[in-house]
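What follows is the residue order along each chain.
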Amino acid sequence: RVVLKFSSIERHFYERQLECTLDVATDMMTKKRRTKYSENLLASHIHQLRAACCHPQIGSHGIGRARKTHLSHSREGGSVHSTGSVGSSVLTMDQILDRLIDDARGKCEESQRLAVMHTNALGSLEKLKIDAKEFGVDSNQADVYHLSKSTQIYLEVLDLMDSNASPSAVIGEAVLSGCNGFLARNTIIRDGKARLEWHTQEDSDSDPIHRALWSRIDFETPKKVVKMKVRPVTCRGQFTDERSESANIILIPRDCIFQVSSAAVGGEFIDVFSFSIPFSTADDDGWLLLGAFHTNRSKSWRILIKTYHRSVDPSPGETLSCIVGLDVELMEPDISSDSLQRLHALNNAVLTMTLVLDHYKNAQNSDADIPVVPQASFMTLHDMQEKVGWMQTESRKIESLYLTAARNVQAESQRQLQIATDRRKEVEARLCTVSPILKSQDVVDFWQESWWYDLLSTLRLHGTEHERSLMCERVQRDLADFADALDGSSFQRHPFSRFYDVDGISVALNLRFRSNEMPSHAASMEQVSALPLHPSESEIANNARCHKCRADWNQTGPKCNHCKLETKLNNLDTRDPIIFVVLKSLHRWLLEIRPTSSLGSKLKAMKIEQRAEYFFGVLKTSERELRAGRLAWRTHFDLLSDLDEMNQCKQTIRLADENEDLTRLTQDELGSIVAPCDINARPMEH
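As the structure is a prediction and not an experimental result, all values here were calculated from the model.

Participant: Quick question: what am I supposed to make of the overall build of the chain here?
Facilitator: The secondary structure content of the chain amounts to 18 helices and 15 strands. Evaluated residue by residue, the chain yields a buried proportion of 45% over its 686 residues. Sequence-distant contacts in the chain: of pairs separated by 6 or more residues, those separated by 24 or more amount to 76%. Of the accessible surface of the chain, which amounts to about 35,600 Å², a share of 50% is contributed by carbon and sulfur atoms.

Participant: Which parts of the structure should I look at to understand the pattern of salt bridges?
Facilitator: Pairing is possible between side chains of opposite charge, provided their charged atoms come close. Summed over the entire model, instances satisfying the criterion amount to 33 salt bridges. Its salt-bridge partner being Arg-342, residue Glu-394 comes within 3.4 Å of it at the nearest N-O pair. Remark: Arg-342 occurs in helix α6 (residues 339-365) and Glu-394 occurs in helix α7 (residues 381-434); sequence separation between them is 52 residues. With respect to burial, Glu-394 and Arg-342 carry one shared label: buried.

Participant: Just to check I follow, could you spell out the sheet that holds strand β11 (residues 298-305) for this structure?
Facilitator: In sheet architecture, strand pairing relies on hydrogen bonds along the backbone and comes in two forms, parallel and antiparallel. Sheet architecture is open: 6 strands sit in the order β3-β2-β5-β11-β8-β9, paired in antiparallel fashion. Since the sheet does not close on itself, it has two edges, and those belong to β3 (188-190) and β9 (269-276), each with one partner. Pairwise comparison of adjacent strand axes, ignoring direction, gives a mean angle of 25° for this sheet. Looking at chain direction, strand β8 (residues 255-261) and β9 are connected through 7 bridges and run antiparallel.

Participant: Help me understand the nonpolar core in this model?
Facilitator: General note: in soluble globular proteins, nonpolar side chains tend to be found buried as a group. Trp-447, Trp-451, Leu-509, Leu-583 and Leu-586 are the most contacted members of the largest nonpolar core, which has 44 residues in total. Broken down by secondary-structure element, the contributors of at least two residues to this core are α7, α8 (451-462), α9 (465-485), α11 (502-515), α15 (577-591), α16 (598-605) and α17 (608-649). Of the residues forming this core, the biggest block, 9 residues, is contributed by α15. Beyond its immediate stretch of four places on either side in the chain, Leu-583 contacts Trp-447, Trp-451, Trp-452, Leu-509, Phe-615 and Phe-616. Ala-174, Ala-184, Ala-194 and Met-228 belong to the second largest nonpolar core, which has 43 residues in total.

Participant: Would you take a moment to explain the environment of Arg-627 for this structure?
Facilitator: Topologically, Arg-627 is positioned in helix α17. Once the C-alpha coordinates of Arg-627 and Leu-417 are considered, the two residues, 210 residues apart in sequence, prove to be 8.5 Å apart.

Participant: Whenever I open this one, the environment of Arg-185 confuses me. Can you help?
Facilitator: One can find Arg-185 in the loop between β2 (173-178) and β3. Between the C-alpha atom of Arg-185 and that of Arg-216, which follows or precedes it by 31 residues, the distance is 9.3 Å. A polar contact is formed between the side chain of Arg-185 and the backbone oxygen of Cys-179, at a distance of 2.9 Å.

Participant: Sorry, what's going on with the packing of aromatic side chains here?
Facilitator: Aromatic rings considered in pairs are described by the distance between their centres and by the relative angle of their planes. Going through the model one piece at a time under the given rule, you end up with 17 aromatic pairs. Arranged with centres 6.0 Å apart and planes meeting at 65°, the rings of Trp-447 and Phe-513 form a pair that is edge-to-face. With a gap of 66 residues between them, Trp-447 in the loop between α7 and α8 and Phe-513 in helix α11 connect regions that are remote in the sequence. Look at Trp-447 and you get buried, because its relative accessible area is 10%.

Participant: Explain the side chain of Gln-414 here, please?
Facilitator: Tracing the sequence through the fold places Gln-414 in helix α7. Of note is the side chain of Gln-414, whose polar atom sits 3.5 Å from the backbone oxygen of Leu-531. Non-local contacts of Gln-414, meaning those with residues more than four positions away in its chain, are made with Val-528, Ser-529, Leu-531 and Ala-632.

Participant: Please clarify how α8 should be interpreted in this entry.
Facilitator: Structurally, the α-helix is built with 3.6 residues per turn, so residues lying three or four positions apart point the same way. Between its first and last C-alpha atoms α8 spans 16 Å; for 12 residues at 1.5 Å apiece the expected length is 16 Å, and the two agree. The set of residues buried in α8 consists of Trp-451, Trp-452, Leu-455, Leu-456, Thr-458 and Leu-459. Within α8, the buried residues cover an arc of 165° as seen down the axis, which keeps them to one side. In the core, the buried residues of α8 are packed alongside α9, α11, α15, α16 and α17.

Participant: Looking at this structure, I do not really get the packing of helix α14 (residues 561-571) against α17. What am I missing?
Facilitator: Geometry of a packed helix pair, given as the angle between the helix axes and the separation of the axes. In the contact formed by α14 and α17, the axes pass within 11 Å of each other and the chain directions differ by 165°. With respect to each other, α14 and α17 are oriented roughly antiparallel. For the pair α14 and α17, the sense of crossing is left-handed. Residues His-562, Leu-565, Glu-566, Leu-569 and Asn-570 of α14 form the contact with α17, whose participating residues are Leu-626, Gly-629, Arg-630, Trp-633, His-636, Phe-637 and Leu-640. Looking at the contact of α14 with α17 residue by residue, the class counts come to 6 nonpolar, 4 polar and 2 charged.

Participant: How should the side chain of Glu-109 be read in this particular structure?
Facilitator: Relative to the assigned elements, Glu-109 resides in helix α3 (residues 93-132). We classify Glu-109 as buried; its relative accessible area is 15%. Setting aside residues up to four positions removed in sequence, Glu-109 forms contacts with Arg-297, Ile-335 and Ser-336.

Participant: So what exactly am I meant to see when it comes to unusual backbone geometry here?
Facilitator: Keep in mind that most residues, glycine aside, have a negative phi and that most peptide bonds are trans. At Asn-186, a residue that is not glycine, the phi angle is positive and equals roughly 70°. Position of Asn-186 among the secondary structure elements: in the loop between β2 and β3.

Participant: Is there a simple way to explain the environment of Gln-112 in this structure?
Facilitator: With respect to the helices and strands, the residue Gln-112 is situated in helix α3. With relative accessibility at 7%, the residue Gln-112 sits in the buried group. In this structure the C-alpha to C-alpha distance between Gln-112 and Asn-164, which are 52 residues apart in sequence, comes to 9.2 Å. Every residue in contact with Gln-112, bar those within four places of it in the chain, is listed here: Leu-160, Met-161, Asn-164, Ile-335, Ser-336 and Ser-337. A distance of 2.7 Å separates the side chain of Gln-112 from the side chain of Asn-164, its partner in a polar contact.

Participant: What's the story with the packing of α8 against α17 in this structure? I'm lost.
Facilitator: Viewed as axis vectors pointing N to C, α8 and α17 meet at an angle of 150°, and their least axial separation amounts to 10 Å. In terms of axis orientation, α8 runs roughly antiparallel to α17. The crossing of α8 and α17 is left-handed. Between α8 and α17, the residues in contact are Trp-451, Trp-452, Asp-454 and Leu-455 and Ile-608, Arg-611, Ala-612, Phe-615 and Phe-616, respectively. Here the contact of α8 with α17 is composed, by residue class, of 7 nonpolar, no polar and 2 charged.

Scoring rules and cut-offs
- Residues numbered from 1 in each chain as written.
- Predicted model: local features only at pLDDT ≥ 70, side-chain atom pairs only at ≥ 80, totals over all residues.
- Heavy atoms only, no water.
- Helix = DSSP H or I, 4+ residues; strand = E, 2+ residues; numbered from the N terminus.
- Buried < 20%, exposed > 50% of the residue type's maximum accessible area, 1.4 Å probe, protein only.
- Contact = heavy atoms within 4.5 Å.
- Areas by Shrake-Rupley, 256 points an atom, 1.4 Å probe, with all protein chains shown as cover.
- Salt bridge = Lys/Arg side-chain N within 4 Å of Asp/Glu carboxyl O.
- Pairing = 2+ DSSP bridges.
- Axes fitted to C-alpha atoms, helices over the stretch in contact; angles between N-to-C directions.
- Core = buried A, V, L, I, M, F, W, Y, C linked by side-chain atoms within 4.5 Å.
- Polar contact = N/O pair within 3.5 Å; in protein donor to acceptor, adjacent residues only side chain to side chain.
- Phe/Tyr/Trp six-rings, centres within 6.5 Å; stacked < 30°, edge-to-face > 60°.
- Expected span 1.5 Å × (residues − 1).
- Arc of directions from axis to C-beta.
- Parallel < 35°, antiparallel > 145°, perpendicular 65-115°, else oblique.
- Left-handed = near helix turned anticlockwise from the far one by under 90°.
- Nonpolar A, V, L, I, M, F, W, Y, C, P; charged D, E, K, R; others polar.

Okay, here's the thing in structure tokens:
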């Protein structure tokens, strides 16, 4: 017999599995009826319980294994670094505990979200009891009583969120990486605490004060960082790496940026918070606490150091050996709260508390009796006035941080689009230098560079019969291969016109271009790049009512301008693929022509090969620009959605208007409407 001795973590996991097994067994005994399904379900849970005796990872319901973390290319430069998983394939007890904590935290956050949702609804319903009096609904309480009770409910929501959102050290392991010169690469840290060290050597005439250094922190699971502490390393003896002993300069970080990786922009890093470390902080060896920023959950975070305080001036001609150190502690809330739910509670608490204050002020001015309201007795008038001011400030702060985070994502996507546009224009400029058609045009449209017509006409006039025959065979073979790749179905519906000579190819291409108008790529990209970071109220309202992009919310309004732009982007992808097959076939044939031949010298004089090469270069950069344009379009759509959600979250439940036709409303709209006769019964649902 083997006696199992669980650790505290293993016992917790086993007892959790045992609880589920007992629930299934109890349910089976209560029904007093055995079925094949119930027996199989109980047997499955017993097997899970047995597997838990071996290791929490054993079995199909065991804790999942750690996944590999791959690091992407940095924006500031540096090479691609990839690391293994934070843990091995078999998790340690600490890693299992991290998983259990994350799982419990997720359940707590969902429970809090539901609790806040129902409590906010109770606060709204309490205020509506005042309006229901106009419809003949009796209430034994004064209006100020309902307002005060509604205020109390909203304040309880805020207290719940604040008490559960206390920041603490980030749970779990993470792996460090960084730019060239980073000394702690592939180091595994715990609880978001790390010492970041860099060592660089530069020439004496260079200025290391403005050299950017960065370090990346990758967690196994997404984290929501809400606060951080930083402390510069100022003494040589504090550095852990032995290479610091050879450094003749200690640089103390000054201007820094905290960044987060966002899936909305393809995993690129966007700025979350910029901060400066004062020299006084560096001298007194103290921590600098940073907060007041809004982030979404992410696995990857980065700290970028832009400038430094210089501690030692090098001698002329001296080799600069610089060492930089920064202690970092990242913090996340115990239980994250929904910013929009908090904003809803703040706005409505301000509204109801302001009305309570008005009631008391009016009663004081008229020397009337001030109603005794138990729910309001916990605050004096002065306290309520201060509370209203604090809640208004907090509400504005949430709105600012929420929108700043969304706008930072769009700004990053616009930056990527601008890089792709500049690259496309650079290749277009090269094409214009060799194209006789595009040289005279103010607006460049690379599809007007018809190098293929010049190639075909030159081949017809100066090529041999054998060369013309090889051209036709090459195009026919490539078209046949393309048809085979598509199983012939799509090709048969829209076949390329039959041809037997070079003139036939030219005519067939001309017909194909006429039936497939090429939309303006540059014009569409200009529209995307012009999408504003601060959309107008009308644009937000039109997007919120659009029947296309808001179909999930059963909206029936006209198509918004944002969706019309999406149609233009989609049209750029509908260009005829057969045209590209023929053009690429012509280009491959062109590369096989000997430049010393009679035809080769003619083509060289007309710069056909250069024009074709630059044409396909523009085509390739245009495809990249289109991908960046789609990303920028999507992030702007997300910004409009965030603005609409923020406006919606400020609204509350309302009473149905007299003679209002509720049958025309959607199910979502009906959920926020209460019939006056149901006002006293509706709270039972929450």
